[in-house]
Amino acid sequence: MNVLWIGVKRGWAENLHVMKDRRELVTQLVGTVGVFALLLVWMGDKPVRGTDVSNGTFMTAGFLAFTVFSAGLMSLPMMISADREDGTLLRLRIMPRGIPVYLVGRGVTLLCQITVQCALILGVGVAVGGVTAPHWATVAWVVALGTLAVVPLGAAIGCLMPSPKSAGAILGLPMMALMVVSGVMIPVTVMPEVVQWIAQAFPLYWQGLGLRSAFLPDSMLAAEIAGSWRPAFTAAVLGGWALAGILLAPVLLRRATRRESGSRLAERRLAAQAA
Amino acid sequence: MSTAIEVRGLRMSYGAADVLRGIDLDIPRGEVFALLGPNGAGKTTTIEILEGFRGRSAGEVQVLGVDPERGGDAWRARLGMVLQTWHDHRRWQVRELVAHLGSYYDDPRDPDELLAALGLTEQAAQRVGLLSGGQRRRLDVALGIVGRPDLLFLDEPTTGFDPEARQEFHRLIEKLAADEGMTVLLTTHDLVEAERLAGRIAILVDGRIAMHGAPADLARAVQAQSRVRWVEDGEERARATDDPSALAWELHRRFDGPVPGLEVRRPSLEESYLDLVGRAA
Ligand SMILES: Nc1ncnc2c1ncn2[C@@H]1O[C@H](COP(=O)(O)OP(=O)(O)O)[C@@H](O)[C@H]1O
Ligand SMILES: [Mg+2]
């Protein structure tokens, strides 16, 4: 059987395991979607100040962008770090085709999670929050390209994390900061110009911009940098991140497992238990 | 080619500590070979170098005709590895995992037959993370042989087994070696296990092969001195000797008849082994 097919089956099996573990499933869904629904009910139908666009519509675009971003750059590195810690990566490394199958599998798991969460956010937004229907084709390509931009990158980050516990701590703060400055919750033009430049270096800003272009009327362009949706630029930047990640991830993953062995695994386990 | 593993002058040091100080091994195809030694002797280090997990400081190593540092997927597909501890894939079910990992190989074993052979049929639908220590170990062996390897590495396979599970495990390894001609390299600190399973044993002490050969040869070679005791002038006497029957004969002549309290004790192979390990340490 070929790598792609085994990988898809592996990713799907991992998904079923998460679904069986109700607590994990609930945490995952209640996390983003729950917060989103609460905010919608609380302040979703008020218009954004000085416009006729509802808060709910603005928030939907923001939450979609953040869902993709945090799945790729938070959940995935933590999964990889955990898989390395418990020896799953080592097991796959000693099997033929193991590492490519693993990467495909994790990609599939993540894609399923992102799809389900995005569908829920959109569904809740349209049904509960009276969010105006977006330009669907734009939503589709931005989410797809945005996923490609962060998944390989997240895999690379996951390889660099020393342990699953510290991964959460190391990644949490920068991710929050990035979310605040990237214009997915607060319009980016209220930030100082330096911060705007930093935000534009990361894929989150561009995902947010692409999604806003799908949801918001052109009358909202006043709040955007350069007063334009810049779709070509969005595609180019997200594509660039995707390419960089795809080139980097396999190299880092191989390096992370090359220095791995049974006794090193056992040592780390002992150290973790003692700590 | 009839050699599975060929090692010449293998050395390994961690910083200033020399863990392996020049090891030679020749393991022919189809043999069950035991690397026997006390804790810290360097067994895991040796086996992980052969598996390709670790680099080495010096020496030549060929495993199935390939240097493990350069082994690719095709080479790895011919090996089965059971490491000293595994904790992976805890959320998977037993049969699901065996079938899934089997699908990476071109000609995997049938998962149900494999589980039956390892006595895991009842656990087929159980989560891997909930298996007992012995069951987990048997699953690891199942995963080690699911791809029909030519060469199987087992690092301390029966640690934590109860006597019954150990018996069953020994039968399984014997069967695999006999029926399929699989080459097996196992490490153990248990002489009885090595004696039972292995066609040949190498005793690793302090980073060197102190001795190697078939169990019977080994028994003769490591044989420690026998102890002869008797009573003379109302006092208990004892002497250690390599030739207890000569001493007994001499005593018979001296007493010109039965020797009071005569007792000859030959040390068991295990005592001899402990003696050898103790002398080297
Ligand atoms: N990664 C390592 N770094 C430093 N020393 C190590 C490392 N791995 C093993 N050792 C040392 O090498 C010696 C042999 O270890 P090992 O091969 O695990 O022995 P065994 O498996 O026979 O018990 C031990 O003294 C151990 O402390
Ligand atoms: Mg060991």
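Let me begin by describing the structure that accompanies this report. Along each chain, residue indices are assigned from 1 in the same order as the chain's sequence is written. Following the order in which they are written, the chains are lettered starting with A and the ligands numbered starting with 1. Whole-chain, interface and lining totals are the exception, using all residues; otherwise, since this is a predicted model, local features are given only for residues with pLDDT of at least 70 and side-chain atom pairs are given and counted only at 80 or more. In computing side-chain values, all of the structure's heavy atoms are included and hydrogens and water are not.

### Observations concerning the overall build of chain A
Along chain A, the regular secondary structure elements total 11 helices and 0 strands. The numbering of helices and of strands both runs from the N terminus, where a helix is a DSSP run of H or I of at least 4 residues and a strand a run of E of at least 2. For chain A, the N- to C-terminal ordering of α and β elements is α-α-α-α-α-α-α-α-α-α-α. Computed over the C-alpha atoms, the radius of gyration of chain A is 20 Å, within 12% of the 19 Å expected from 2.2 N^0.38 for a compact globule of 275 residues. Along the three orthogonal principal directions, the C-alpha set of chain A runs to about 65 × 45 × 40 Å. We call a residue buried when its accessible area falls under 20% of the maximum for its residue type, exposed when it is over 50%, and partly exposed in between, using a 1.4 Å probe and counting protein chains only. The proportion of buried residues among the 275 residues of chain A is 52%. Throughout, a contact is declared for two residues whenever any of their heavy atoms are within 4.5 Å. For chain A, long-range pairs separated by at least 24 residues make up 77% of all intrachain contacts whose partners lie at least 6 apart in sequence. Computed with a 1.4 Å probe, the accessible areas rest on the Shrake-Rupley method; for each residue, only the protein chains presented here act as cover. When the accessible surface of chain A is totalled, it reaches about 12300 Å², and 73% of it is carbon and sulfur. Of the side chains in chain A, 22 bear a positive and 13 a negative charge, and the two mean positions are spaced by 11 Å. What the globule rule says is 2.2 Å times the number of residues to the power 0.38, and the radius of gyration is computed from C-alpha atoms. Charge counting follows a simple rule: Lys and Arg are positive, Asp and Glu are negative, and His as well as the terminal groups are ignored. Think of each charge as sitting on NZ of Lys, CZ of Arg, CG of Asp or CD of Glu.

### With respect to the packing of aromatic side chains
Any pair of Phe, Tyr and Trp rings, taking the six-membered ring for Trp, is counted once the centres come within 6.5 Å. Such a pair is stacked with planes under 30 degrees apart, edge-to-face with planes over 60 apart, and tilted for the rest. On inspection of all chains with the given rule, the structure shows 4 aromatic pairs over all chains. Plain terms: the ring middles of Tyr205(A) and Trp206(A) are 5.0 Å apart, the flat faces sit at 85 degrees to each other, and that makes the pair edge-to-face. The burial state of Tyr205(A) is the same as that of Trp206(A); both residues are buried. Aromatic side chains Trp206(A) and Phe233(A) sit 5.4 Å apart centroid to centroid with 20 degrees between the ring planes, which places their arrangement in the stacked category. Here Phe233(A) lies in helix α10 (residues 231-258) and Trp206(A) lies in helix α9 (residues 203-215), a separation of 27 residues in the sequence. We classify Trp206(A) as buried; its relative accessible area is 1%. Assessed through its relative accessible area of 49%, Phe233(A) is described here as partly exposed. Counting every residue linked through ring pairs, the aromatic cluster contains Tyr205(A), Trp206(A) and Phe233(A). Consider the ring centre and the ring normal. A charge sits over the ring if Lys NZ or Arg CZ is within 6 Å of that centre and within 35 degrees of that normal. Above the ring of Trp86(B), the side-chain terminus of Arg91(A) is found at 3.9 Å from the ring centroid.

### Side note on the sheet that holds strand β3 (residues 32-36) of chain B
Two modes of strand pairing occur in sheets, parallel and antiparallel, and in both the strands are linked by backbone hydrogen bonds. Residues and elements named next belong to chain B. Strand pairing requires that DSSP identify at least two bridges connecting the strands. Read from one edge to the other, the open sheet built from 6 strands follows the order β5-β6-β7-β3-β8-β9, with strand pairing classed as mixed. For this open sheet the edge positions go to β5 (79-82) and β9 (208-213), each flanked by a neighbour on one side alone. Mean inter-strand twist for the sheet, computed between neighbouring axes without regard to direction, equals 15 degrees. Bridge count for β3 against strand β8 (residues 200-205) is 4 bridges, and the pairing is parallel. From the neighbouring strand, Leu-36 faces β8, where its bridge partner is Ile-203. Along the sheet, helix α5 (residues 133-145) makes contact with β5 and β6 (151-155), crossing β5 at roughly 165 degrees. Orientation is described by axes fitted as lines to C-alpha atoms, over the contacting stretch for helices, and by angles from 0 to 180 degrees between their N-to-C directions.

### A few points about the coordination of the magnesium ion (ligand 2)
Six octahedral donors around a metal ideally sit at 90 or 180 degrees from one another, while four tetrahedral donors ideally sit at 109.5 degrees. Coordination partners: N, O, S within 2.8 Å of the metal, 3.2 Å for Na, K and Ca; water not considered, so apparent gaps in a site are possible. Coordination of the magnesium ion (ligand 2) by the protein is provided by Thr44(B) (OG1) and Gln84(B) (OE1), with metal-donor distances spanning 1.9 to 2.6 Å. With Thr44(B) in helix α1 (residues 43-51) and Gln84(B) in the loop between β5 and α3 (94-102), this pair connects stretches of sequence that are 40 residues apart.

### Overview of the pairing of strand β2 (residues 17-28) of chain B
Residues and elements named next belong to chain B. Where strand β1 (residues 3-14) and β2 come together, 9 bridges link them in antiparallel fashion. Each bridged residue has a counterpart across the sheet, and for Arg-11 the counterpart in β2 is Arg-21. Hairpin connection between β1 and β2: a loop of 2 residues separates the two successive antiparallel strands, and Gly-15 in this loop has a positive phi of roughly 60 degrees.

### Concerning the interface of chain A and chain B
Counting residues at the interface gives 31 residues for chain A and 29 residues for chain B. Of the roughly 2900 Å² buried between chain A and chain B on both sides combined, carbon and sulfur atoms contribute 51%. Buried area: the accessible surface (1.4 Å probe) lost by two parts on joining, summed over both. If you sort the residues of chain A by the area they bury against chain B, Arg91(A), Ile94(A) and Pro96(A) come out on top, with a joint share of 24%. The residue Arg91(A) makes a salt bridge to Asp88(B) at a minimum N-O spacing of 2.8 Å. The definition of a polar contact used here is a pair of N or O atoms within 3.5 Å, where within protein one atom must be able to donate a hydrogen and the other to accept one, and adjacent residues in sequence count solely through side-chain atom pairs. Seen at the junction of chain A and chain B, the total is 10 residue pairs in polar contact (both at pLDDT 80 or more). Those elements that place two or more of their residues in the side of chain A that touches chain B are α1 (3-20), α4 (88-93), α5 (98-127) and α11 (262-274) of chain A. Here the side of chain A that touches chain B takes 7 residues from α1(A), the largest share from any one element. Basically, the charged four are Asp, Glu, Lys and Arg, the nonpolar ten are Ala, Val, Leu, Ile, Met, Phe, Trp, Tyr, Cys and Pro, and anything else, Gly included, counts as polar. Class assignment for the residues of the side of chain A that touches chain B results in 11 nonpolar, 7 polar and 13 charged. Counted as salt bridges are all cases of a side-chain nitrogen of Lys or Arg within 4 Å of a carboxyl oxygen of Asp or Glu.

### A closer look at helix α6 (residues 163-180) of chain B
Residues and elements named next belong to chain B. Any helix carries an expected span of 1.5 Å times its number of residues minus one. End to end, α6 covers 26 Å across 18 residues, agreeing with the expected 26 Å (1.5 Å per residue, within 8%). Listed as buried for α6 are Ala-165, Phe-169, His-170, Leu-172, Ile-173, Leu-176 and Ala-177. For α6, the angular spread of buried residues about the axis comes to 160 degrees, placing them on one side. Turned more than 90 degrees from where α6 packs its buried face, Pro-163, Glu-164, Ala-178 and Asp-179 sit exposed. Tucked into the core, α6 has its buried residues touching β3, α4 (111-117), α5, β6 and α7 (191-197). Just past α6, the residue Gly-181 takes up positive phi, approximately 65 degrees. The arc in question is the one spanned by the directions pointing from the helix axis to the C-beta atoms.

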